[in-house]
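The primary structure of each chain is shown beneath.
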Amino acid sequence: MTLRHTPLTPALGARIDGVDLARITAPEFQQLYDIWKRHHVIVMRDQQLTDAGFERFSAMLGELDPPPNQGAGRKSVPGHPNLYVVSNRKDAAGEPVGALGDGEAAWHTDMSYLERPPHASMLWAIELPRSGGDTWFAGMPAALRSMPADLAALARTLTIKHDGTYDSGGNLRKGMVANDDPTRSAGTPHPVVIVQPETGEHTLYLGRRRNAWIPGLPLAESDRLLDVIWGYATAEAVTLRHQWRLGDVVLWNNLTTMHRRDAFPPDQVRTLHRSQIKGRYVLTSPIHQEAA
Ligand SMILES: [Fe+2]
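Residues numbered from 1 in each chain as written. Predicted model: local features only at pLDDT ≥ 70, side-chain atom pairs only at ≥ 80, totals over all residues.

A. Geometry of the overall build of the chain. A count of helices and strands for the chain gives six helices and 17 strands. Scaling as 2.2 N^0.38, a compact globule of 292 residues should have a C-alpha radius of gyration of about 19 Å, and the chain matches this with 19 Å. Expressed as lengths along the three principal axes of its C-alpha atoms, the size of the chain is roughly 50 × 50 × 30 Å. Among the 292 residues that make up the chain, the fraction classed as buried is 43%. (Helix = DSSP H or I, 4+ residues; strand = E, 2+ residues; numbered from the N terminus. Rg over C-alpha atoms; globule rule 2.2 N^0.38 Å. Buried ≥ 20, exposed ≤ 12 C-beta atoms within 10 Å, placed from the backbone.)

Next comes the structure, spelled out in structure tokens:
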């Protein structure tokens, strides 16, 4: 069976129709994977899944990563240690069952502070608020193409330090020490422009703006340059807004996109289950590739 897909914006995103992720076949998965590689974010609606089915489909993409350490600690789906709960729901003791609360989450890529950052992440909508909580994606290959040639050429020579102190909600990760000096906080450098390992496409690779730093530059100069780059990376022309419906599954390439979340009313509940595919690659710059 041939999957139908509809591009959502020129920069990124496609909706795939006619696929049942609980029963996806190997040939259908190959088609889905090819569409995903071209469009970076894919949206599958009206999925009838269980946690076991969601985990089985996720594992078709590669080895799963356990949940990240957020401000609320590591929040797994009960019985599924590799699935992660994003929710503001509280249990009987008043403890949050998931991570990230109800606030806004700033633009980021998932766990970019790892040496081999996760390859892909996926969300499945379980409970939704009546308003708010939309997830936004930004396409980093398109953002790189939109930059003036001299800025893009400069970006190719730079690395950026990805800070691991705070989660995307701005909360201190459990066990980390607060540190707002990006030149001294814990983090991992990656090239600002990388080669997407599976396609060879060149793309910006940015993490969180907070505590980001371009090693070698004075902090003020690094901040000025990063603000300019972030302006291209998050410009409306390269973004996609996803308004959730129950049963939606959204899969994104974590090496070629950034995402953020709108806040939603705190008296309403939003729960999504998430999986993440372990990173297989140390990220390389196109310059290193040419020099090799
Ligand atoms: Fe995220």
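B. View of unusual backbone geometry. Positive phi, close to 50 degrees, is recorded for Met111, a residue that is not glycine. For Met111, the position within the fold is in the loop between strand 7 (105-108) and strand 8 (120-127). Residue classification places Met111 among the buried positions, given that 22 C-beta atoms sit within 10 Å. One non-glycine residue with positive phi stands out, namely Asn211, at about 65 degrees. Residue position: Asn211 is located in the loop between strand 13 (202-204) and helix 5 (219-233).

C. Structural detail: the pairing of strand 17 (residues 271-277). In terms of residue burial, strand 17 counts as a mostly covered element, since six of its seven residues are buried. Direction of pairing for strand 5 (residues 80-87) relative to strand 17: antiparallel, over a ladder of four bridges. Counted as the bridge partner of Tyr84 is Arg274 from strand 17. As defined by bridge partners, strand 8 adjoins strand 17 across seven bridges and the pair is classed as antiparallel. Counted as the bridge partner of Met122 is Ser275 from strand 17. (Pairing = 2+ DSSP bridges.)

D. Spatial organisation of the sheet that holds strand 16 (residues 257-261). Ordered in space as 7-16-9-14, the four strands form an open sheet in which the pairing is antiparallel. Looking at strand neighbours, the two that pair on one side only are strand 7 and strand 14 (239-242), the edges of this open sheet. Direction aside, neighbouring strands of the sheet carry axes that sit 15 degrees apart on average. As judged from the four bridges shared by strand 9 (residues 135-139) and strand 14, these two strands associate in the antiparallel manner. In the sheet register, Ala138 faces strand 14, and the bridge partner there is Thr239. (Axes fitted to C-alpha atoms, helices over the stretch in contact; angles between N-to-C directions.)

E. Representation of helix 1 (residues 26-39) within the structure. Across its 14 residues, helix 1 extends 20 Å between first and last C-alpha, which sits within 8% of the 20 Å expected from 1.5 Å per residue. Positive phi shows up at His40, right after helix 1, with a value of about 75 degrees. (Expected span 1.5 Å × (residues − 1).)

F. The environment of Asp51, seen in detail. Summarising the element assignment, Asp51 is placed in helix 2 (residues 51-59). Taking the number of C-beta atoms within 10 Å as the measure of exposure, Asp51 has 16 and is therefore partly exposed. Here the alpha-carbon distance between Asp51 and Gly98, two residues 47 residues apart in the chain, equals 15 Å.

G. Broad picture of the nonpolar core. Judged by nonpolar contacts, the single largest core of 62 residues is most densely connected at Ala143, Leu204 and Ala233. With near-sequence residues (within four places) excluded, Ala233 lies in contact with Ala138, Met140, Ala143, Leu204, Leu206 and Met258. (Core = buried A, V, L, I, M, F, W, Y, C linked by C-beta atoms within 7 Å. Contact = placed C-beta atoms within 7 Å.)

H. Examining the environment of Ser87 more closely. Residue position: Ser87 is located in strand 5. Under the C-beta neighbour-count criterion, Ser87 is labelled buried, with 22 such atoms within 10 Å. It is 15 Å that separates the C-alpha atoms of Ser87 and Met122, two residues lying 35 residues apart in sequence. Other than its neighbours up to four places away in sequence, Ser87 contacts Val97, Gly98, Arg270 and Thr271.

I. Expanded view of helix 2. Buried residues of helix 2: Phe54, Phe57 and Ser58, and no others. Here the buried residues of helix 2 occupy an arc of 100 degrees about the axis, which is enough to place them on one side. Turning to helix 2, the residues buried within the fold contact strand 5, strand 8 and strand 17. (Arc of directions from axis to C-beta.)

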